[in-house]
Amino acid sequence: VNSSTSVLLCLAGVGLHSGGVKYADSAGGFSYEDSGKLLSDLVTELQMQSIFTDIGKLNLNEPAHSYVLPFVQGTPATAPSTSAAWISHQGEAVFTLASPSGGITVVTLPAHDQDGTVSILELKQSSMMQRLAGWMPTAIRGDQSISDLAISLAVHQLEDDTFIFALCQDHKLRMWSFKHQMCLLVTDMLDYMPAGRGEVKASPAQAHKLRLFFSSSTGLCLAIYLAVPKGSQFCVLQLVASENNRYSLDHISTQFTTQETLVDFVLTASDIWAVWLDNDNQTVVKYISFEHSTAGMWNQVFVQPSPEEEVHVGEDQDPREVYLDVLFSPLRFTASAIIKALQIYKRGTERYSDLSWEELKKEVTVTVENELQGSVTEYEFCQEDYRLLQVEFWSKFYACCLQYQDVLSTPLALHISPATAMVCVLKKGFVSFLLPCFAVDHLYLSSDEYLFSEEETPIAEDSNLSRDVLQLIQCLRMVSESLPEDMAYEMDKALEDLLSPEKVSEKVLEGLLANDNENVIQDILNKLQDISNPTVAINTLLRELDLEADAETESRPTGQSLRVRISLSQLYGSSVAASLICQAVCQTAMTRTLLCRDLLILQQLYLRIGDNVSGAQLLQLQQDLIPRCSSLLCSYHLLKQMSLTLSSSVPLDILNADLQHLSVLELSDSTIPTSMLNPQTVVELFYQNVARKAIMSQIFSQQDVEGSQGMLHWPQMISSVLTLLCQFLWPSNPSFLFPECLMVNCQYAPLQEYARLVGPWCQVNVGSYRFVLGHCYLASGEGQKALQCFQEAAAEVDKEDFLMKLTGSDEEAVTATAPRLLYYNKVLRLLEDIGLPELVINLATLAISEAANDERSQAALWTRIFKHHLDLGHNSQAYEALTQNPDSSRQLDCLRQLVVVLCERAQLRDLVQFSFVDLHDEVVSIIESRARAVDLMTHNYYELLYAFHINRHNYRKAGTVMFEYGMRLGREVRTLRGLQKQVNCYLAALNCLRLVHPDYAWIVQPSSGAAYERPGTSPKRNYDGEFAANPVSQQIDILELKDLEKEYVLARSRLTLAQQDPPSAAIAGGASSQEMVALLVQTGLFDTALTLCQTFNLSLTPVFEGLTFKCIKLQYKGDQDQTEVWNWLAANQLPTVITTKESSATDEAWRLLAHYLENYPLQNAQYHRCVINKLLSHGVPVPDWLLNSYKEIDAASLLRLYLNYDQLESAAELVLEYVDALLGKGHQYFGIEVCSSDYCYNLNKYLIFLTTFHNK
């Protein structure tokens, strides 16, 4: 409502006027609030506020906002019988009231922003005005008669004066001037009655009503309803002004009516609209043109029928489900009626508020079921008894709902907006809006009386064709009236069960013919004889019913102002408008479903009887008209079902997951509105989210061309909106917005039902329906069904707009790849996002056949197949997919992934046993690069590569791999475990080379350090930031079997050291052979040290010196810390243990030294000399066994050692012993054989000994 709109709502004493809101409260006072403070200039749809928003914040008892009439206090029976109100040009609120004792009282309240006092004026029959300080009842004054009591008041401001019209009990109309406070006109309304004036005049008027209408073209018109017992009438008069302020009324028209109880009526420029209550207390609305109606025929308004008084429950149906479906189905009961019935049914004071539709349904179910359970006194019931009990309690609650729905449907007033021509009936519980009826629906719903009066119809311009169409409509009405309920149900059930409408209609016709006891069929046949060209009439009717539209709608820039477009979008985007429009769609679909049903039966009658039609016409009926009618019947049944289907609430987590999956399809985003008390159908959901924007855009475009005169005209605008919405919903139109909207809003159950109903007969968007049905199957977990639907939809990808949009609008992509392959790619992405690898594999395998000439697509599909087979653990199938990939780069990527994944899963047997016919080198390269790039202790790529080569009998390669593995272990993993692995690696490498022919038992030594060339390695730079020069290729080293054996012995010695002394593992890992000897000697591993020395041809001197030193330490430290000594002694191979006496660790050490000297002799007894030298250097006496052993080998060297360490006494003894030996005494201790022939030789030898000693 804005400042340019003037609307009057007669609702419980409330008036809404331009500039303010006025209403009469229960205390008999008046309140006023200016609406200018309540409206903002530009608000969005969700920010729209009621004009009553701020009224609740005011204190209406303040003098600035209210005034209490003194005469009302304590005497409610003397309240005014009628009233009227207006706002003056000065902003004052003026109220006119009819005094119960006669006369008119005018109460003026000052403007809301001005200070002032309340003034009260009385208009008397004497045309005098008296200003009152208070109020004195006219009965006390005695100057007024009851005959001038106003029973209906109306006010109109004209120029600088305000006229008050009063229709009084004496059947007279009086016009008062508020400016001059005088009565300007008195007219006896009985003068306009044709007969019976005397009877009417004798009794006072009680139900007369007065209405005004003003326009610049017609001036001020009055409509007076005269309620008389035998024939009420409407008189339309025009106010005519003459000179000297004299006025008169010109009679324009009188319209009679037979209805009894008038609730309200409205006068417009050309029509009278009225609402009555008939004898059955049902609302009746009619209108008539008072200027052009010569026959006095009132036009019918087809109101929505009340819910059925009884609900039929089939034997195979659950009573609770049936009653819940009826109660909570759209178009039947309001939420307030159900809530009131629930409160009464529970007989409590509980109040229900803010309940969603689903919560209310649950509350009703619990209440009725608890009531049923509370009445049960027996523990056992047969099924039939319990079913009857259910029907009893549910029917009781249903009757309660029906009662309150009837109460809420009681009409209170009629309102017509003069600016938009919108007609609405205000009822006790809600508002009913009147929408224009389409021509074909109007004819079908009109009564026979009206049809007989019709001479032409807007469906056809030709008069003969119009007459034929009218006759055809009358025949359809006769078919409808003759159709029993069971046959109508059978027809509707057939549509639901997807049976052929033609066959079912033929069966229904046979039933009508068999039960035609009243010759109804004959009457229909007689009526059909009056149709001159039935096929043309039927074709005209079918063409009118068909909503098929053009595939493309032009989009033009709108020339309307932004404010107009925003206002209209807000109006038609509100929840009330959405509910209203979608209910209109449902009503239209219901009506036309019945029309198509009757027309199909009538055509079957033509085929059976064949009268009045030629053979060509029968052929046209059979091949063209009947199939078209059948298709229309199915289409309107589909629209009806969708209009009655409630949208389902989706849990937030499921909604988010589904929207995430749908984002893969790159369709428009949408959300489901929050739950409301009133139910929302899927058609409302579609209208609010998608259709409204498209409809308004199209209407604006059309108005730019046709002109904007009809933009605010309600009948024209709402008709356009309804037509366009039905076209968007029409299944035979190319538009696929409705199913798409259901899918993106996760309404899978309604969408599945929609696809089921449309599937057998609709030939448009076949592939699109299969696709959305497949998505429904995905949501319900039926993957195989979904896959079948996706496959069937693929055939229509390049033919249907929705599927073409689904494949993407990128022109380059479309030209590069076939549309079907793009479609498969989208579906595959969807299946991947949901997590259905088996379906991805199946669909990708099917798509490969479509990509026979597209290697790029083939490669992508094979890659997908490989990936999902690998994820599922289908290693063999993954390998097969890998080998089929035509793209070498993708094939290499897949191969790398296969290797990595199988290694991570420890499924190495499969990897090794794959043939890799043309990919052998690539596999080796991948495994090698992975082996050189990852941690050696957490991955076993070297062992995998070793097994790979062994399996192919490539022993040299296997040996090379294990040798490289061992080298890296020694360099990177200097731990006990690393050394163990290194030993095993070298041993495996040795075994491999021993299996090769000796001529080929060699390998190339792998590079050391970071010289591996791994793919993807970034180039190295020097300290100056420049690229470093490529290293010069080093000389290739060939390693033979003996070289590997040396490395093995060295590694073995390192392991032995680490096992004996774990902390030394880090040092031993990189030690050379010489260093290892020192470490081994230090640790006491003399056997290992000797073996290492012999392998690398090293001197054993460090071993003997080390062992000698340990013997010296033991000699002087005694038997302290024997555990450590025995440990290193046990690590060496001791000689035979002496068991005759107890042996100490020191004795065992000396025995070990003697054992080594005995087993590792050297020329000139060098090791003996180094041991004795070590002993003498530490001042330790040389053991006798060592002296005896060395004297026998080299006594001269022993003498020199004595002399070097100043052991003169020992040296002298040695010399004397040697001389005696030469003389034959003790010669065996010095290795001298004494005999006569050798005496001279021994003497010479002694001289040489002395000479040598002297020289030294």
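What you are looking at is a predicted structure, and each value in this text was computed from that prediction instead of being measured.

Details of the overall build of the chain
Alright, step 1. When you go through the chain residue by residue, the secondary structure sums to 46 helices and 26 strands.
Alright, step 2. By sequence separation, contacts in the chain at least 24 residues apart represent 61% of the contacts at least 6 residues apart.
Alright, step 3. Just so you have it, the chain exposes about 62900 Å², and 50% of that area is on carbon and sulfur atoms.

Details of the pattern of salt bridges
Opposite charge on two side chains permits pairing when their charged atoms draw close.
Alright, step 1. The tally for this structure, following the rule as stated, stands at 30 salt bridges.
Alright, step 2. Residue Asp-887 pairs with Arg-890 through a salt bridge whose shortest N-O separation is 4.0 Å.
Alright, step 3. Residue class for Arg-890 comes out partly exposed when judged on its relative accessible area of 31%.
Alright, step 4. Because the salt bridges share partners, they merge into one network encompassing Glu-496, Glu-753 and Arg-756.

Details of the packing of helix H9 (residues 463-482) against helix H12 (residues 520-528)
Packed helices, taken two at a time, are described by the angle their axes make and the gap between the axes.
Alright, step 1. Running from N to C, H9 and H12 cross one another at 175°; their axes reach a closest spacing of 9 Å. Considering their axes alone, H9 and H12 lie roughly antiparallel with respect to each other. Contacts from Gln-471, Gln-474, Cys-475, Met-478, Val-479 and Ser-482 in H9 reach Val-520, Asp-523, Ile-524, Lys-527 and Leu-528 in H12.
Alright, step 2. Classifying every residue of the contact of H9 with H12 by side-chain character gives 6 nonpolar, 3 polar and 2 charged.

Remarks on the packing of aromatic side chains
Alright, step 1. Tallied over the entire structure, the rule returns 32 aromatic pairs.
Alright, step 2. When the ring of Phe-1104 is compared with that of Tyr-1156, the centres are 6.5 Å apart and the planes differ by 90°; the resulting orientation is edge-to-face. With Phe-1104 in helix H40 (residues 1101-1117) and Tyr-1156 in helix H42 (residues 1145-1159), the pair connects residues that are 52 residues apart, well separated along the chain.
Alright, step 3. Here a set of aromatic residues connected by ring pairs shows up, and it is made of Phe-686, Phe-736, Phe-738, Tyr-754, Tyr-769, Phe-771, Phe-790, Phe-802, Tyr-823 and Tyr-824.
Alright, step 4. Taking NZ or CZ as reference, Arg-956 lies 3.9 Å from the ring centre of Trp-1002, over its face.

Side note on the side chain of Thr-268
Alright, step 1. Structurally, the position occupied by Thr-268 is in the loop between strand E18 (261-267) and strand E19 (271-277).
Alright, step 2. You can call Thr-268 buried: its relative accessible area is 15%.

What to know about the environment of Ile-1112
Alright, step 1. Relative to the assigned elements, Ile-1112 resides in helix H40.
Alright, step 2. On the basis of relative accessibility, which here comes to 6%, the residue Ile-1112 falls in the buried class.
Alright, step 3. When the C-alpha atoms of Ile-1112 and Leu-1175 are compared, they prove to be 7.4 Å apart, with 63 residues separating the residues in sequence.
Alright, step 4. Excluding anything up to four places from it in sequence, Ile-1112 contacts Lys-1174, Leu-1175, His-1178 and Val-1180.

Digging into empty space enclosed by the protein
Alright, step 1. Taken as a whole and assessed by the stated rule, the structure comprises 6 cavities of 30 Å³ or more.
Alright, step 2. Taken as a whole, the largest cavity holds about 70 Å³ of empty space.
Alright, step 3. Lining the largest cavity, in full, are Gly-103, Ile-104, Leu-123, Gln-125, Asp-148, Ala-150, Ala-166, Cys-168, Arg-174 and Trp-176.
Alright, step 4. Mapped by element, the contributors of at least two residues to the lining of the largest cavity are strand E11 (161-168) and strand E12 (172-177).
Alright, step 5. Of the residues that constitute the lining of the largest cavity, the class distribution is 6 nonpolar, 2 polar and 2 charged.

As for the environment of Val-901
Alright, step 1. Its location among the elements puts Val-901 in helix H30 (residues 888-904).
Alright, step 2. Along the sequence, Val-901 and Asp-871 sit 30 residues apart, while their C-alpha atoms lie 8.9 Å from each other.

Some remarks on a negative patch on the surface
Alright, step 1. Together, Glu-315, Asp-316, Glu-384 and Asp-385 make up a negatively charged patch on the protein surface.
Alright, step 2. Topologically, Glu-384 is positioned in helix H6 (residues 383-408).
Alright, step 3. Look at Glu-384 and you get partly exposed, because its relative accessible area is 43%.

Some details on the sheet that holds strand E24 (residues 431-434)
Alright, step 1. Within the open sheet, the 3 strands sit side by side as E22-E23-E24. Their pairing is antiparallel. Whereas interior strands pair on both sides, the edge strands pair on one side only; in this sheet they are strand E22 (411-416) and E24. Shown here is a sheet whose adjacent strand axes are inclined to one another by a mean of 20°, direction ignored.

Considerations on the pairing of strand E6 (residues 93-98)
Alright, step 1. The buried count for E6 comes to 6 of 6 residues, which makes it a mostly enclosed element.
Alright, step 2. Taking every second residue as pointing to the same face, both faces of E6 are buried, with Ala-93, Phe-95 and Leu-97 on one and Val-94, Thr-96 and Ala-98 on the other.
Alright, step 3. Two successive antiparallel strands, strand E5 (residues 83-87) and E6, enclose a turn made up of 5 residues, where Gly-91 displays a positive phi of approximately 90°.
Alright, step 4. Hairpin connection from E6 to strand E7 (residues 104-109): 5 residues lie between these consecutive antiparallel strands, with Gly-102 at a positive phi of about 105°.

Focus on the sheet that holds strand E20 (residues 283-289)
Alright, step 1. In spatial order, the strands read E18-E19-E20-E21; together these 4 strands make up an open sheet with antiparallel pairing. If you trace the sheet from one side to the other, it starts and ends with E18 and strand E21 (299-300), each paired once.

What to know about the confidence of the model for the chain
Alright, step 1. Scored by pLDDT, the chain has a mean of 80; 83% of the residues are at 70 or more.
Alright, step 2. Element-level mean pLDDT values for the chain span from 36 in strand E3 (residues 29-34) up to 93 in helix H21 (residues 748-758).
Alright, step 3. Segment residues 127-145: pLDDT under 50, and 36 contacts once partners within four positions in sequence are set aside and those in other chains are kept.
Alright, step 4. Across residues 551-557, where pLDDT falls below 50, the model places 8 contacts with residues more than four positions away in sequence or in other chains.

Digging into the nonpolar core
Alright, step 1. Residues Tyr-572, Tyr-687, Phe-771, Tyr-823 and Phe-916 are the most contacted members of the largest nonpolar core, which totals 194 residues.
Alright, step 2. Among the elements that line this core, the one with the most residues is helix H15 (residues 575-609), at 15 residues.
Alright, step 3. Setting aside anything within four residues of it in sequence, one finds Tyr-572 in contact with Ala-577, Ile-581, Tyr-687, Arg-692, Met-696, Trp-714, Met-717, Ile-718 and Val-721.
Alright, step 4. Counting residues in each nonpolar core, the second largest holds 57 residues, with Val-1125, Trp-1150, Cys-1170 and Tyr-1202 among its members.

Parameters at a glance
Residues numbered from 1 in each chain as written. Predicted model: local features only at pLDDT ≥ 70, side-chain atom pairs only at ≥ 80, totals over all residues. Heavy atoms only, no water. Helix = DSSP H or I, 4+ residues; strand = E, 2+ residues; numbered from the N terminus. Contact = heavy atoms within 4.5 Å. Areas by Shrake-Rupley, 256 points an atom, 1.4 Å probe, with all protein chains shown as cover. Salt bridge = Lys/Arg side-chain N within 4 Å of Asp/Glu carboxyl O. Buried < 20%, exposed > 50% of the residue type's maximum accessible area, 1.4 Å probe, protein only. Axes fitted to C-alpha atoms, helices over the stretch in contact; angles between N-to-C directions. Parallel < 35°, antiparallel > 145°, perpendicular 65-115°, else oblique. Nonpolar A, V, L, I, M, F, W, Y, C, P; charged D, E, K, R; others polar. Phe/Tyr/Trp six-rings, centres within 6.5 Å; stacked < 30°, edge-to-face > 60°. Lys NZ or Arg CZ within 6 Å of the ring centre and 35° of its normal. 1 Å grid on protein atoms, 1.4 Å probe; cavity = no way out; pocket = protein on both sides within 12 Å on 5 of 7 lines; lining within 4 Å. Points joined across faces, edges and corners; volume = space filled by probe spheres on them. Patch = residues over 30% accessible without salt bridge, like charges linked within 9 Å, V, L, I, M, F, W, Y side chains within 5 Å. Lys, Arg positive; Asp, Glu negative; His and termini not counted. Charge placed at Lys NZ, Arg CZ, Asp CG, Glu CD. Pairing = 2+ DSSP bridges. pLDDT = per-residue confidence, 0-100. Core = buried A, V, L, I, M, F, W, Y, C linked by side-chain atoms within 4.5 Å.

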